[in-house]
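# Working through the structure, step by step
Listed below, chain by chain, are the residues.
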Amino acid sequence: DCVPYDVFVESAETKTNNQDGRTIWIKDVDEIALFHKKTDGYQYHSKFVYAGFGAFRGNLINSETLADKNDWYAIYPYNSSSAATITAYPVTIGAELQTQTQAGSMYDIAGPNCPLYGIKNGVSRKNAPKFKMSHMFAVIALNIVNEGHGGNIAVKSAGIAAEEEIVGDFDVNILGNP
């Protein structure tokens, strides 16, 4: 049983492309993965594509598993991996080398698809879930200041060292604390 369905996503406070602190979703390009809790686990509904006006459109798989009230989970960006589950969802964080192209740009720091998630509990079967998206990971910002030396300085590079991997491919448990 596959039923057409819309879900709604509010702007994240920041995302890869943003304007005035609002997410810029790209119609027919941005995709989210959608899950809902059922009595014996979680139903994966595959990808939902941005259709405009805050709506992502896709198909509910096994819609008969919906209860009167449902818990929903949205993940951006969609990953087509057949191994994707709600407890091991594959995401990519940034790259080892990022180039800042404009002041205040989160795009260059986080990479092209800054992973976001949304959870909405207790949604009536009759209503579409409306998600407020949050970042899965922290974003690192560097503020380099030229104090007391006058004029501009050319910064050729800045580095960050960490005790564990902070960029690369990861599996995220959305049910944990992403």
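Let me begin by describing the structure that accompanies this report. Just so it is clear, the model here is predicted, and its values are computed rather than measured.

### Thoughts on the environment of Thr39
Relative to the elements of secondary structure, Thr39 occurs in the loop between β4 (31–38) and β5 (41–52). For Thr39, a relative accessible area of 87% translates into the label exposed. Considering only alpha carbons, one finds Thr39 and Leu66, 27 residues apart in sequence, at a separation of 9.3 Å.

### Here we look at a nonpolar patch on the surface
Together, Ile24, Ile26 and Val29 line one region of the surface with nonpolar side chains, adding up to about 230 Å² of accessible area. Given the relative accessible area of 52%, Val29 is considered exposed.

### Some remarks on the pattern of salt bridges
Oppositely charged side chains may form a pair once their charged atoms are brought near each other. Throughout the structure, instances matching the rule amount to two salt bridges. A salt bridge links Lys47 to Glu31, with the shortest nitrogen-to-oxygen separation between them at 3.5 Å. Taken together, the residues span a long stretch of sequence, with Lys47 in strand β5 and Glu31 in strand β4 at a distance of 16 residues. Classification of Glu31 by relative accessible area gives partly exposed; the value is 21%.

### Examining unusual backbone geometry
The omega torsion across Tyr76 and Pro77 is 0 degrees, close enough to zero to call that bond cis. If you trace the backbone, Pro77 turns up in the loop between β7 (69–76) and β8 (89–93). In this model, Ser46 sits at a positive phi of 70 degrees, which is unusual for a non-glycine residue. Along the chain, the position of Ser46 falls in strand β5. A positive phi is found at Asn62, a non-glycine position, where the angle reads about 55 degrees. Relative accessible area serves as the criterion here: at 26%, Asn62 is assigned to the partly exposed category.

Conventions used here
- Residues numbered from 1 in each chain as written.
- Predicted model: local features only at pLDDT ≥ 70, side-chain atom pairs only at ≥ 80, totals over all residues.
- Heavy atoms only, no water.
- Helix = DSSP H or I, 4+ residues; strand = E, 2+ residues; numbered from the N terminus.
- Buried < 20%, exposed > 50% of the residue type's maximum accessible area, 1.4 Å probe, protein only.
- Patch = residues over 30% accessible without salt bridge, like charges linked within 9 Å, V, L, I, M, F, W, Y side chains within 5 Å.
- Areas by Shrake-Rupley, 256 points an atom, 1.4 Å probe, with all protein chains shown as cover.
- Salt bridge = Lys/Arg side-chain N within 4 Å of Asp/Glu carboxyl O.

Function cannot be read off these values alone, since they describe shape.
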